[in-house]
Amino acid sequence: MAVFPNSCLPRCLFMLILLQLPKLDAAHFDVIGPSEPILAMVGEDAELPCHLSPNVNAEHMELRWFRSKVSPAVLVYRDGLEQEEEQMPEYRGRVTLAKDDISAGRAAVRIQGVRVSDDGEYQCLFRENGSYNIALLHLEVAALGSDPHIHTEVQESGEIWLECTSEGWYPEPQVKWRTPKGEQFPSTSESRNPDEKGLFTVASSVIIRDTSMEKLSCYIQNLPLGQEKEVEISIPATSLPSLTPWIVAMAVILMVLGLVTIGFVFFTWRLYKERSRERKNALSPKDKVLEELKWKRSPWHAVDMILDPDTAHPHLLLSEDLKSVQLEDSRRMLPEKPERFDSWPCVLGCAAFTSGRHHWEVEVGDRTDWAIGMCRENVRRKGFDPIIPENGFWALELYGNGYWALTPLRTPLLLSRPLHRVGIFLDYESGNISFYNMTDGSHIYTFSKNIFSGFLRPLFCLWSSGEKPLTICPLADEPERVTVIANVQDLSKEIPLSPMGEDSASEVTDTFHSKLIPTQPSQGSP
């Protein structure tokens, strides 16, 4: 989850790591990085450039390149010197600052001897006094492995077993076989295993039964590099024994029986598909989802919940019935509570789960940015911990007309149509949290095979103000449902807002706009 550089939220920005910053003014410059991923080969050097717009002198600024955390960093440049004490151990001695054009606002980090572990997202920060800004970069690491080698064995049955092996590939390559005519030849087994450096060793095997085949090629592709390596092997015509008449007759009989069996199976499958299609066409989107999940014997409970105002960020405004939430420019004057989010503009639902299978729906409408999902009860609510499963969050996000599963490297979701109503399905015992498009019942994404412990609670986040709220959908008349309301106190009490331009009780007069993600994201990441 990226963070807007122009946010005026006091304290706790980037987990109080950025030198215990005072109240920040809006940055008078933008930081811009490459719009495309930077491709680097393992063992070679790579540069991660950033520049200022406008091109102001950056000699007296603090420059910082970092990964998921601001500190320790990949490289820190401050007071005209590189600060080694703030550097991550794995980058010490491998990273230098290219500052030839720093007076023109240009600088780059040069990584020597690129490793597989260097692959991924980076952020560069330029700071001057109380102003700073950030750009996102993506380093794509690749390695072209060794020439493939084919090992041959003749089986007792006369069949020929071929195995193609190669090592030193990254990312995981594709291994395929093909005939001299360019036709694909199916493999019987494949394996791709990384070594201690993260480079893949691949192996693929085939069995040759066709006596007329003379040659076969094994080729391995590295898709990011757009390159492949190929080796061809000749198959002696005398390798396979001649077929006796009774073997031919048996083969014909087995072939006929096989065709009859295949025809019967195909007919049965077509009949099943047609009946399933007819049944699904008669179902509502929600019924389609529950039909897809029907193999799970325990019932799915529809949850009728409300939002928990004690957890709401001061910029969030909840409706009177606690079913909807909007992001306001004004900051509400609220008492400080340990359960309240003070940095991410989020609020939790009052429902809390420690077992069972539950589902609810959220109307996201025509909003252009939001995040919804679940989190652990004990997640850190102060500061900007990334919203990822490792920190106890499982959520989907819409930002910049793109949908994402908030995994550590963000997983893009290619959807055929915009989402307006999203269903969240929790299977606590199986460790699965699934998201469905409740307009047509189609599956969106599943966080699977998690190990849950303790309470899980619904999560709602907004990144910018707007007329459309996030709304918890009302329940239809369903026989299986459960209503959960917990830890709700003084719901009728009105909460005053801090007007724009006036100091609140906590001396906070900032406004929260759509500034939580940098204005120059790298391609492929929100």
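Residues numbered from 1 in each chain as written. Predicted model: local features only at pLDDT ≥ 70, side-chain atom pairs only at ≥ 80, totals over all residues. Heavy atoms only, no water.

**Notes on the overall build of the protein chain**
Each helix and strand in the protein chain was counted, giving 2 helices and 35 strands. Counted over contacts in the protein chain with a minimum sequence separation of 6, partners at least 24 positions apart contribute 66%. Only carbon and sulfur atoms are counted for the fraction: they give 52% of the accessible area of the protein chain, which is about 26600 Å². (Helix = DSSP H or I, 4+ residues; strand = E, 2+ residues; numbered from the N terminus. Contact = heavy atoms within 4.5 Å. Areas by Shrake-Rupley, 256 points an atom, 1.4 Å probe, with all protein chains shown as cover.)

**So, unusual backbone geometry**
Backbone torsion omega between S71 and P72 reads 0°, so that peptide bond is classified as cis. Within the element layout of this structure, P72 appears in the loop between β4 (62-66) and β5 (75-78). In the segment running from Y170 into P171, the intervening peptide bond is cis, with an omega of -5°. By the element assignment, P171 lies in the loop between β12 (160-169) and β13 (174-178). For D79, which is not a glycine, the phi torsion comes out positive at approximately 55°. Here D79 is to be found in the loop between β5 and β6 (81-82). Overall, D79 belongs to the exposed group, its relative accessible area being 70%. (Buried < 20%, exposed > 50% of the residue type's maximum accessible area, 1.4 Å probe, protein only.)

**Things to note about the state of the cysteines**
Evaluation of the coordinates by the stated rule reveals 3 disulfides. Shown here is the disulfide that connects C50 with C124, its sulfur atoms set 1.9 Å apart. Its torsion about the S-S bond being -100°, the disulfide of C50 and C124 is classed as left-handed. On the criterion of sequence distance, the pair formed by C50 in strand β3 (residues 46-53) and C124 in strand β9 (residues 120-128) is long-range, its members being 74 residues apart. For the pair C50 and C124, a shared accessibility class is recorded, and that class is buried. A sulfur-sulfur distance of 2.1 Å marks the disulfide that ties C164 to C218. On the sign convention where negative means left-handed, the S-S torsion of about -80° between C164 and C218 marks this disulfide as left-handed. (Disulfide = S-S within 2.5 Å.)

**Focus: the confidence of the model for the protein chain**
When pLDDT is averaged across the protein chain, the result is 81; 80% of the residues are at 70 or more. Low pLDDT, under 50, characterises residues 1-26; the stretch is placed with 78 contacts to residues that sit more than four places away or in other chains. Counting interchain partners and residues more than four positions distant, the pLDDT-below-50 stretch residues 477-526 has 130 contacts. (pLDDT = per-residue confidence, 0-100.)

**Describing the pairing of strand β2 (residues 38-41)**
Covered by surrounding structure in β2 are I38 and A40 only, the residues L39 and M41 on the alternate face being uncovered. As defined by bridge partners, β2 adjoins strand β10 (residues 131-142) across 4 bridges and the pair is classed as parallel. Its bridge partner being in β10, L39 is matched across the sheet by E140. (Pairing = 2+ DSSP bridges.)

**Examining the sheet that holds β10**
Pairing is mixed in the open sheet, where 6 strands are placed in the order β2-β10-β9-β4-β5-β6. In this open sheet, the two strands that pair with only one neighbour each are β2 and β6.

**What to know about the side chain of D369**
Secondary-structure assignment places D369 in the loop between β24 (357-363) and β25 (370-376). A polar contact of 3.2 Å, which involves the side chain of D369, links it to the side chain of R367. In terms of polar contacts, D369 uses its side chain to reach the side chain of S464, at 2.7 Å. (Polar contact = N/O pair within 3.5 Å; in protein donor to acceptor, adjacent residues only side chain to side chain.)

**Description of the environment of I424**
When you line up the elements, I424 lands in strand β29 (residues 421-427). Of the residues examined, I424 reaches a relative accessible area of 1% and is grouped as buried. Each C-alpha atom of the pair I424 and P458 lies 9.1 Å from the other, and the pair is 34 residues apart in sequence. If we skip the residues at most four places from it in the chain, I424 touches H358, H359, W360, V362, I372, M374, I433, S434 and F435.

**Here we look at the pattern of salt bridges**
In total, this model carries 27 salt bridges according to the counting rule given. Between R78 and E62 there is a salt bridge, and its shortest N-O distance comes to 3.9 Å. Within this pair, whereas R78 is found in strand β5, its partner E62 is found in strand β4, the two being separated by 16 residues in sequence. Of the two residues, R78 and E62, both sit in the buried class. Between E230 and R178 there is a salt bridge whose closest N-O contact spans 2.9 Å. Of this pair, E230 sits in strand β18 (residues 227-234) while R178 is found in strand β13, placing the two residues 52 residues apart along the sequence. Where salt bridges share partners, they join E62, R64, R78, E86 and R127 into one cluster. (Salt bridge = Lys/Arg side-chain N within 4 Å of Asp/Glu carboxyl O.)

**Examining the nonpolar core**
What tends to happen in soluble globular proteins is that the nonpolar side chains get buried as a cluster. In terms of nonpolar packing, the biggest core is built from 53 residues, with W65 and F126 touching the most fellow members. The residues touching W65, leaving out its near neighbours within four places in the chain, are L48, C50, A73, V74, L75, L97, A107, A108, V109, Q123, C124 and F126. Within the second largest apolar cluster, 42 residues are counted, among which are V303, L322, L398 and L426. (Core = buried A, V, L, I, M, F, W, Y, C linked by side-chain atoms within 4.5 Å.)

**Here we look at the sheet that holds strand β16 (residues 200-208)**
Taken in spatial order, the 4 strands make up an open sheet running β11-β12-β16-β15, and their pairing is antiparallel. Two strands in the sheet have a free side with no partner beyond their single neighbour: β11 (149-154) and β15 (189-194). Ignoring strand direction, the axes of neighbouring strands in this sheet form an average angle of 15°. Sheet topology note: the β12/β16 ladder contains 8 bridges and is antiparallel. Considered in β16, the bridge of L162 is made with V206. (Axes fitted to C-alpha atoms, helices over the stretch in contact; angles between N-to-C directions.)

**With respect to the packing of aromatic side chains**
Taken as a whole and judged by the stated rule, the model has 13 aromatic pairs. Each ring, one from Y170 and one from F200, has its centre 6.3 Å from the other, and the planes form 20°; the classification is stacked. One end of the pair, Y170, is in the loop between β12 and β13; the other, F200, is in strand β16, with 30 residues separating them in the sequence. Neither residue differs from the other here; Y170 and F200 are each classed as buried. Between the aromatic rings of Y428 and F452, the centroid separation amounts to 5.5 Å while the plane-to-plane angle is 55°, which identifies the pairing as tilted. Residue Y428 is located in the loop between β29 and β30 (432-437), and its partner F452 is located in the loop between β31 (442-447) and β32 (456-461); the two are separated by 24 residues in the primary sequence. Residue classification places F452 among the buried residues on the basis of a relative accessible area of 10%. Following the ring pairs from residue to residue traces out a cluster consisting of W300, F425 and Y436. (Phe/Tyr/Trp six-rings, centres within 6.5 Å; stacked < 30°, edge-to-face > 60°.)

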